[in-house]
Amino acid sequence: MIHYKRYTTDLGEVDIAAGKDGVVALQFHHKTRPLPLAADWQPGATALTDRAAQQLREYLAAKRRHFHLPLAPRGTTFQRRVWEALLAIPYGETRNYTQQAQQLGQPRAIRAVARANGANPVAVVIPCHRVIGANGTLTGYAGGLPLKAHLLTLEGAEFAAPRP
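Just so we're clear, the structure is a prediction, and the values are computed from it rather than from any experiment.

As a further point, take the packing of aromatic side chains. Aromatic rings considered in pairs are described by the distance between their centres and by the relative angle of their planes. All told, the structure shown has 3 aromatic pairs when counted by the stated rule. Ring centres of Tyr 4 and Trp 41 lie 6.2 Å apart, and the angle between their planes is 45°; on these two criteria the pair is classed as tilted. Taken together, the positions of Tyr 4 in strand β1 (residues 2-9) and Trp 41 in strand β4 (residues 41-43) put the pair 37 residues apart, joining distant regions of the chain. We classify Tyr 4 as partly exposed; its relative accessible area is 21%. Among the residues examined, Trp 41 registers a relative accessible area of 10% and is labelled buried. A ring pair is formed by Tyr 59 and Tyr 91, whose centres lie 6.2 Å apart and whose planes are at 85°; its orientation type is edge-to-face. Pair noted here: Tyr 59 is in helix α1 (residues 47-60) and Tyr 91 is in the loop between α2 (77-86) and β5 (95-96), with a separation of 32 residues, a long-range link.

This part covers the nonpolar core. With 36 residues, the main nonpolar core has Ile 16, Leu 56, Tyr 59 and Val 124 as its most contacted residues. Looking at this core, the elements that each hand over two or more residues are β2 (12-19), β3 (22-28), α1, α2, α3 (97-103), α4 (110-118) and α5 (145-155). Top contributing element to this core by residue count: α1, with 6 residues. The residues touching Val 124, leaving out its near neighbours within four places in the chain, are Phe 28, Leu 56, Tyr 59, Phe 67, His 129, Tyr 141 and Leu 151.

Below, the discussion takes up the side chain of Asp 15. Take Asp 15: it is sitting in strand β2. With relative accessibility at 7%, the residue Asp 15 sits in the buried group. One polar contact links Asp 15 to Arg 6, side chain to side chain, over a distance of 2.7 Å.

This paragraph deals with the pairing of β2. Side chains on a regular strand alternate between the two faces of the sheet. Of all 8 residues that make up β2, 6 are buried, and the element is covered over most of its length. Across 7 bridges, β1 lies against β2 in antiparallel orientation. Bridging from a neighbouring strand, Arg 6 pairs with Asp 15 of β2. The antiparallel hairpin formed by β1 and β2 contains 2 residues in its connecting segment. Strand direction decides the pairing type here: β2 and β3, joined by 6 bridges, are antiparallel. When the bridges of β3 are listed, Asp 15 appears paired with Gln 27. The hairpin formed by β2 and β3 contains 2 residues between the paired strands.

Calculation criteria
Residues numbered from 1 in each chain as written. Predicted model: local features only at pLDDT ≥ 70, side-chain atom pairs only at ≥ 80, totals over all residues. Heavy atoms only, no water. Phe/Tyr/Trp six-rings, centres within 6.5 Å; stacked < 30°, edge-to-face > 60°. Helix = DSSP H or I, 4+ residues; strand = E, 2+ residues; numbered from the N terminus. Buried < 20%, exposed > 50% of the residue type's maximum accessible area, 1.4 Å probe, protein only. Core = buried A, V, L, I, M, F, W, Y, C linked by side-chain atoms within 4.5 Å. Contact = heavy atoms within 4.5 Å. Polar contact = N/O pair within 3.5 Å; in protein donor to acceptor, adjacent residues only side chain to side chain. Pairing = 2+ DSSP bridges.

In structure tokens:
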């Protein structure tokens, strides 16, 4: 059974879902990407969703650099490998899609890596916001580029400002 709840943060509302194995989703609430509700999902907080919300609030307040949460995102084997590689990007650092594909030992899978990053169901905790374009510019982010820029700025990461 997966339990989910909407929490309020300094950057707006987030939906957090968790099961017995860990957090399966953390998404900034907006209509373009709702939680993937299924028959085994039911509303309601758990100790784990509350803990995830608290750690997210601490991160957003610059009081936390690392999350200590069990994770159980649902995805293909390739997607889970990509998401695992994201966890290796240190706080305040960035990588580009080419570097990430090379790290996975699949240097020609740049587009597949980008799609897997875009499908990341556990935003911020699995830090897909730390992946930017090869030229240092911001690239797509499910929460929107202003949110991505905010998260990277919070971490002190370097990136090229988007052009007006």
